[in-house]
Every structure is written in C-alpha cells, then in structure tokens.
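Residues per chain are reported as follows:
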Amino acid sequence: MAYNSILFLCAFLPVSLLVYQICPKRYRWVELLAFSYLFFFIFSGFLVVYLIISTASVYFLALLLDKCKASYKLKRKTTDDKAALKKSFTRQKRFLLWAGIIINIGILAFLKYYNFFGHNTNLLFDSLHIGATLPKLKLLVPIGISFYSLQAVSYLTDVYGGKIAADKNFGRLALYMSFFPLIMEGPICRYSQIAEDLYEGRPLKYSNLQNGFIRILWGLFKKVVIADRLNILVEAIFSHSERYGGIVIILGAVSYTYQLYMEFSGCIDLTIGVGQMFGITIPENFRQPFFSRSASEFWRRWHITLGAFFRDYIFYPISLTKFVKNVGKKSRKRFKNHFGQVIPSAFALFGVWICNGFWHGTGWTYIFYGLYYFVIILLENILEPYSFKFTDKFKINRESWGFKALQVTKTLLIIFTGELFFRAPRMLTAVSMFKSIFTDFSFSVFTDGTLSKIPFSAYDYAVCIAGFFVVLAVGIVHEKGISIRQKLEEKNFASQFTVYMLLVLAIVMFGAYSGAYAPVDPIYAGF
C-alpha cells in the first residue's frame, strides 16, 4: 500500500480523513496514531515491535534526562563542590544520551548491516586462512527504520541539549515517531517542527484539502507518469550493462538520476499533501536541486532534512570534539591561511559522508558514494578561494548567465557520475560501466540498432521528455521565488478546476500502470 497506490489514495486516506473529522478534537491525535500503526502493520506486521522499542527507549530516557537536570538544579543550590557536581551531571547525561543512540542505531545497524559486515568479515577470515565464520541470518527489516531511528536520535539529542523538554505524553511521542505519511520515505522531521501540529487536532478545512489535493496530484504526476515509466529503461541498462557502453551508459546514469528525483520528490509531494489535508505542515525536502552550482549546494537542496540531520547531529558534534579542536589550533598555527580552516573541518565532513553512504544502504557502492561526495566537497572547500582569485584576476562576473551555466553543468556531471555508482549493483560493475563511457563511446548506437534493443519505445521517450520540460518549467518558476500553488489559490474556481483536471487526465492517460510497467515500490523506502 504505497502512497501512490489506489488502495491508499481511494480507501486508506479518505477513511482516515473521515474518521479524523468525526472524532472529537481531543481524540483526533489518537485516530492519527491508530491509523499510523495500522499503516505500519500492513507493511511490516509484527515487526512493529521494533518501532515500539525505539519509541519507548527515547521516551523513558528523555524523562530521565529531564529528571537528571531537575536534580542537578536542586543540588547545585546546596553543594559547595559545584565542579564535581557538574562533572557527575554531565557524565549521567551523556550515559543516557548514548544509551538511546546505541539502542536505536544499534537495532538499525544490526538489522540492515549485520549480513553485509558478516559477509565481508568471512571473506577476510578466508583470505587469512582463519577457520571461523559468522553465520548469515534471515533478518526482516521494518519499513521506515532508517527514518524513524534518526527521528528518535534527534528527539533525544534535542532533549539532552535543552532545545526541547521531554514529552510526558507517550502517545504524542509515539505519533511523532510513526505518523503514516512520514514513516515510509520521510522527510526526517524534528520533534519541535511537527509534534504540536500532530497533537492539535485541527478540523479539516476546504483550503487545506484543496492545497493537499493539488500537491498529491503533482507528486503522482512525477512518480507515476515519469519515474515508474523510466524504471524500465534504467533496469534494462543497469541489469545488462555488459551489453552497452559509451552513450547508452550515459543515458542510464542520466535516466536514473531523473528517475530518482521524480520518484523521491514525487513521494515527498504526496507526503506533504497528505499532511496539508490534516492541517499539518511537513517540512520541504527539495528545493530545485539541479539548479545548484556546486556539490555542497546540491546537498543543501536535495534531501534537505537528511542533510540538516547530518549537519546538526554529526558535523557539529565532531567539530567540537577535543581532538578536532586541537587539530584546528595546530593547523591554523601551522598554515595561517585557508588550509588552517579546511583541515579540521575535513574530519567532521568525513564523518558526515561515511554516515551518508551507510545510511543509504548495504554495499560498497553506497560507501563509495559517500566517500565520493566527501572528496568532491572537500576539494570544493580547498579550491574555493583560488576560484574567486581566478575570476577576479580575469574580471569574470560570477553572477553572469554564462558562468552560472558552466557551474551548473559541472555540478550535473558530478551528480550523474555519483548516481551511476550509486545505482550499479556491484562496485566492479560500476567501475566497468564508468570505464566504458570513455573506451566504448560511439555515435553509431543511433544507427546500429543498439537503442532499439532496449525495451523503451519512442512513445516512452516522448512522455518522459515532455514530463521533464513540465517539471523544469515549474522548477524555473519556483527558483524565481514564485509559488504556483499560491497563484492558483488566487484564481477563480474554474481556473483551479481546469488545472486539476489537466493533472488528473495526464496521470490517467500517461501513467505507467499496466503491460510492461510493473508496479515500482518507492525507492527510498528501501534505504
């Protein structure tokens, strides 16, 4: 029952809205919690126990953190040795925080990564002629564990840091951890962003239903018309990459990048639209990422909530460790220039990108993907002042259309290359595919029938290209700071109805539903 399924859109969502509206205001959060656990149970069955363990762990540990803080304030008034008291208090707080992190990340790591590390450990043992082996386990992974585990860590860390108080209402915290539009693909919400909205129980409003409906239609257009259709092309190239080279491999990398964006951003549009229907504001997760002028800017625009999580809960904490501070002090003293700033930040940057790679999945391609962006962004940080010196010396206007286009093109090449390795089934396959771009590049694929062997018709290409330009046009408008949905709200009902019907017709007429178009599960639900 994915968000784009008929069952969800025509049964689960309408019934949940109807029951929500019928319920008295004080019980509406209970209805949302019940439907959220029902949604989770439909996908993962009794694996819901992992979600309950995660929720219970951060609930009780957060309460203990608040109790610890209250005890410290009382004792501080009466004790003479405040330094010893503070040291003991800090130790207790850190123990509680790390207990929560270990429980939640430990469950995530065991379920998702045990067999990967076990397999590679066994290969290492075999090469060293060590007889021991780690058993392969049949592990079932509950849906959304990568998302709700990070929400659990963010909640507990924010309580630890005093940004929020521990919630004494277990049900409200459980709803924050399980809200059904978020559980499958995020975005990763902070407790302070959404918990009160979830618990408020606002009545349904026509404007919210209208805005949510148009956002859902836009998400369906991207997901069903474009992403699901492209899946055939992407599968054909990446599953049989040995048959192709050069231009076809480039087509595969570009098409997968296009598919992934349409798929993920389309599902996020659906998520935000469902939230809007309930009067709940879910944070945006994309901001026209392909207009980015650098890799670091791309990651500030792509999967925004994941990037913000890594920044706040990995980059900054690593930057503030005693080791990195000492490295920073020595490097600034030694170099006394830009390198003195870049060297210490590299440690935190490495932590972010190795975690990013592991978060996305098990496999060396994901680890490489994280390290790839670590190297690219580190190089950008190192070369940034020299880039400014170069443009200043030759009097190049960095805000000119030509220079921006050059930077965007460079960034797109970085993105396409990264996604090639990200999508490839194995690391050796990815290297072979990348190599073939240069060793087997030929325009003859347009005349020798190579492209016709891929089960992707001219009609499919036409629909995807037309869809690309529609999404591009909308992106250009949004990049200029104009909200199309806001403009649509200002129009009369006839204009609004026309837009709705055009989107509905496009989805019905061009959606990839039957025949060769097998249902495609949400890609990020597997991460």
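A. Quick look at the side chain of Ser57. For Ser57, the position within the fold is in helix α3 (residues 48-78). A distance of 2.7 Å separates a polar atom in the side chain of Ser57 from the backbone oxygen of Ser54. Other than its neighbours up to four places away in sequence, Ser57 contacts Ile103 and Asn104.

B. Just the pattern of salt bridges, in detail. What the rule picks out here adds up to 17 salt bridges. With its nearest N and O atoms 3.0 Å apart, the salt bridge here joins Asp197 to Arg202. Given the relative accessible area of 18%, Asp197 is considered buried. In this structure, the salt-bridge partner of Asp269 is Lys222, at a minimum N-O distance of 2.8 Å. Of this pair, Asp269 sits in helix α10 (residues 247-277) while Lys222 sits in helix α9 (residues 206-239); the two residues are 47 residues apart in sequence, bridging distant segments of the chain. With relative accessibility at 5%, the residue Asp269 sits in the buried group. Counted as one network, the salt bridges with shared partners bring together Arg215, Lys222, Asp269 and Glu284.

C. Looking closely at the nonpolar core. Core analysis: the biggest nonpolar cluster contains 140 residues, and Tyr155, Phe179, Phe180, Phe221, Phe278 and Tyr373 have the highest contact counts within it. Take this core: its biggest share by element is 17 residues, from α9.

D. Region of interest: the packing of helix α1 (residues 6-22) against α10. In contact at an axis separation of 11 Å, α1 and α10 are set at 30° when each is read in the N-to-C sense. The angle between α1 and α10 places the two elements in the roughly parallel class. By crossing handedness, the relation of α1 to α10 is classed as right-handed. Each of Phe8, Leu9, Leu13 and Leu17 in α1 lies in contact with α10, whose residues at this interface are Leu270, Val274 and Met277.

E. Layout of the side chain of Ser178. Take Ser178: it is sitting in helix α6 (residues 170-178). A residue is classified by how much of its surface remains accessible, and Ser178, at 1% relative accessible area, is buried. Side-chain polar atoms of Ser178 contact the backbone oxygen of Ala174, separated by 2.7 Å.

F. The arrangement of helix α18 (residues 458-479) in detail. Over its 22 residues, α18 extends 31 Å from the first C-alpha to the last, a length consistent with the 32 Å expected when each residue adds 1.5 Å. For α18, the full list of buried residues reads Asp460, Val463, Cys464, Gly467, Val471, Val474 and Gly475. Relative to the axis of α18, the buried residues are bounded by an arc of 105° and lie together on one face. On its buried face, α18 is in contact with α9, α10, α19 (484-489) and α20 (493-510). Gly481 sits one or two residues past α18 and shows a positive phi near 85°.

G. Region of interest: the packing of aromatic side chains. This model, assessed by the stated rule, comprises 63 aromatic pairs. With 5.1 Å between their ring centres and 55° between their planes, Tyr155 and Tyr191 make a pair best called tilted. Residue Tyr155 is found in helix α5 (residues 145-160), and its partner Tyr191 is found in helix α8 (residues 191-200); the two are separated by 36 residues along the sequence. Summarising the aromatic geometry, the rings of Phe441 and Phe443 are spaced 5.3 Å apart at their centres and angled 85° between planes, so their arrangement reads as edge-to-face. The ring of Tyr199 has Arg172 lying over it, and the distance from NZ or CZ to the ring centre is 4.4 Å. Across the ring face of Tyr256, the terminal group of Arg423 is positioned such that the distance to the ring centre comes to 5.8 Å.

H. Just empty space enclosed by the protein, in detail. Here the structure, examined in full by the defined rule, presents three cavities of 30 Å³ or more. Space inside the largest cavity adds up to approximately 50 Å³. Every residue along the wall of the largest cavity is listed here: Phe147, Tyr148, Gln151, Tyr176, Met177, Ser178, Phe179, Leu182, Ile183, Gly186 and Pro187. At the level of elements, α5, α6 and α7 (180-183) are the ones that each hand at least two residues to the lining of the largest cavity. Residue composition of the lining of the largest cavity, by class: eight nonpolar, three polar and no charged.

I. Fine view of helix α17 (residues 427-439). The end-to-end C-alpha distance of α17 is 18 Å, a good match for the 18 Å that 13 residues give at a rise of 1.5 Å each. Within α17, burial applies to Thr429, Ala430, Met433, Ser436 and Ile437. Angular distribution of buried residues about the axis of α17 spans 125°; they occupy a single face of the element. Among the exposed residues of α17, those oriented more than 90 degrees off its buried face are Leu428, Lys435, Phe438 and Thr439. Its buried side turned inward, α17 meets α9, α10 and α16 (401-423).

J. Quick peek at the packing of α5 against helix α12 (residues 304-319). Between α5 and α12, the least distance of the axes is 11 Å, while the angle of their chain directions is 40°. Looking at the two axes, α5 sits oblique to α12. In this structure, α5 meets α12 at a crossing whose hand is left-handed. On the side of α5, the interface is formed by Leu150, Val153, Ser154, Thr157 and Asp158, while α12 contributes Leu306, Phe309 and Tyr313.

K. Broad picture of unusual backbone geometry. Gly186 connects to Pro187 through a cis peptide bond whose omega is 5°. Among the structural elements, Pro187 can be located in the loop between α7 and α8. Phi is positive for Gln288, close to 45°, though the residue is something other than glycine. Within the secondary structure layout, Gln288 lies in the loop between α10 and α11 (295-301). Judged by its relative accessible area of 16%, Gln288 is buried. Although it is not a glycine, Lys395 adopts a positive phi angle of roughly 55°. What makes Lys395 exposed here is its relative accessible area of 75%.

What counts and how
In this convention, every chain numbers its residues from 1, walking through the sequence in written order. Reporting of local features is limited, given that this is a predicted model, to residues whose pLDDT is at least 70; pairs of side-chain atoms are given and counted only at 80 or more, and all residues count toward the totals for whole chains, interfaces and linings. The side-chain quantities take in all heavy atoms of the structure and omit both hydrogens and water. Secondary structure elements are defined from DSSP: runs of H or I of at least 4 residues count as helices, runs of E of at least 2 residues count as strands, and each element is numbered from the N terminus. Pairs of N or O atoms within 3.5 Å make up the polar contacts considered here, provided that, within protein, one atom can donate a hydrogen while the other can accept it, and that residues adjacent in sequence are counted only when both atoms are side-chain atoms. Here, two residues are considered to be in contact whenever any of their heavy atoms come within 4.5 Å of each other. Put simply, a salt bridge is a Lys or Arg side-chain nitrogen that is within 4 Å of an Asp or Glu carboxyl oxygen. Relative accessibility decides the category of a residue: with a 1.4 Å probe and only protein chains considered, values under 20% of the type maximum give buried, values over 50% give exposed, and everything between is partly exposed. Only buried residues count toward a nonpolar core, which is a set of Ala, Val, Leu, Ile, Met, Phe, Trp, Tyr and Cys residues joined through side-chain atoms within 4.5 Å. Between N-to-C directions, angles cover 0 to 180 degrees, with each direction set by a line fitted to C-alpha atoms, over the stretch in contact for helices. Every angle not falling under 35 degrees, over 145, or within 65 to 115 is termed oblique; those three ranges are roughly parallel, roughly antiparallel and roughly perpendicular. Note on convention: the crossing is left-handed when the near helix lies turned anticlockwise from the far helix by less than a right angle, right-handed when the turn is clockwise. By this rule the span expected of a helix is its residue count minus one, scaled by 1.5 Å. The arc in question is the one spanned by the directions pointing from the helix axis to the C-beta atoms. Side-chain rings of Phe, Tyr and Trp, where Trp is taken by its six-membered ring, are said to pair if the distance between their centres is within 6.5 Å; with planes under 30 degrees apart they count as stacked, over 60 as edge-to-face, and otherwise as tilted. Working rule: Lys NZ or Arg CZ, within 6 Å of ring centre, within 35 degrees of ring normal, means a charge sits over the ring. For cavity detection a 1 Å grid was placed over the protein atoms alone, and a set of points counts as a cavity when a 1.4 Å probe fits there but cannot get out; an open set counts as a pocket when protein lies on both sides within 12 Å along at least five of seven lines, with lining residues being those that have an atom within 4 Å of a point. Grid points are joined across faces, edges and corners, and a volume is the space filled by probe spheres set on the points. Each residue receives one of three labels: charged for Asp, Glu, Lys and Arg, nonpolar for Ala, Val, Leu, Ile, Met, Phe, Trp, Tyr, Cys and Pro, and polar for the others, Gly being one of them.

Such coordinate-based values are descriptive only and should not be taken to indicate function.
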